[in-house]
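The chain contents come next:
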Amino acid sequence: PVPEDCEAGDEWLLFTESNGRYVVEVPADDVAAFEAHVDGVPHSRIGQVTRGGQLTVTGCHGDEALFSLSLAELTQAWRGHLDGSASTGSDVEGRA
């Protein structure tokens with residue numbers, strides 16, 4: 001989980017990996033029930049989905065944005081290297 005004391009720093013929190021981490025999206029109305037279900041298991045709330053169309057990552061203290069990207073920028077970074085066939089349901093050679 002994300003440590004509450006933030007001693008490791010933002011870079012460590014953003015770029016370290018482990019085999020036991022999962023990102024789970026939980027509807028706002030179900031957060032309390034989810035957190036009760038995982039009580040005793042190390043976990044941290046790391047963000048909140050909004051309607052703004054932006055991913056904004058704040059530092060571990062939450063006082064300022066480390067970076068902010070639009071949904072279009074994120075989509076380009078994720079899928080921009082593809083030839084477009086993945087979005088149309090066809091394979092690399094263009095067959096449906």
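For every chain, the first residue of the written sequence is number 1, and numbering continues from 1 along that sequence. This being a predicted model, a pLDDT of at least 70 is required before a residue's local features are given, and a value of 80 or more before pairs of side-chain atoms are given or counted; all residues contribute to the totals for chains, interfaces and linings. As a convention, hydrogens and water are excluded, and side-chain values are obtained from all of the structure's heavy atoms.

Student: Before we move on, can you summarise the overall build of the protein with the specific residues and values?
Tutor: A count of helices and strands for the protein gives 4 helices and 2 strands. For the purposes of this entry, the term helix denotes a DSSP run of H or I that reaches at least four residues, the term strand denotes a run of E that reaches at least two, and both are numbered from the N terminus. Reading the secondary structure of the protein in the N-to-C direction produces α-α-β-β-α-α. Exposed residues in this analysis have more than 50% of their type's maximum accessible area, buried residues have under 20%, and partly exposed residues fall in between, with area computed by a 1.4 Å probe over protein chains only. Looking at the protein as a whole, 10% of its 96 residues qualify as buried. The contact rule is simple, with two residues in contact once any of their heavy atoms fall within 4.5 Å. Pairs at least 24 apart in sequence give 30% of the contacts found in the protein among residues at least 6 apart. Surface accessibility in these figures is a Shrake-Rupley result with a 1.4 Å probe; residues are shielded only by whichever protein chains are displayed. A total of about 8400 Å² of accessible surface is found on the protein, and carbon and sulfur atoms cover 53% of it.

Student: Before we move on, can you summarise the pairing of strand β2 (residues 65-70) with the specific residues and values?
Tutor: Direction of pairing for strand β1 (residues 54-58) relative to β2: antiparallel, over a ladder of 5 bridges. In the sheet register, V57 faces β2, and the bridge partner there is F67. A strand pair is defined by DSSP finding two or more bridges across the two strands. What sits between the antiparallel neighbours β1 and β2 is a turn of 6 residues, in which G62 has the positive phi angle 70°.

Student: Give a description of the environment of E25 that names residues and reports values.
Tutor: Among the secondary structure elements, E25 is positioned in the loop between α1 (10-15) and α2 (31-37). C-alpha of E25 to C-alpha of V49: the two residues are 24 residues apart in sequence and 8.6 Å apart in space.

Student: Residue-level account of the confidence of the model for the protein, with values.
Tutor: Confidence of the prediction at every residue is given by pLDDT, a number between 0 and 100. Averaged over all residues, the pLDDT of the protein is 79; the fraction at 70 or higher stands at 80%. Ranking the helices and strands of the protein by mean pLDDT puts α2 first, with 95, and helix α4 (residues 85-88) last, with 51. With pLDDT under 50 throughout, residues 88-92 is counted as low confidence; its partners more than four residues away or in other chains account for 7 contacts.

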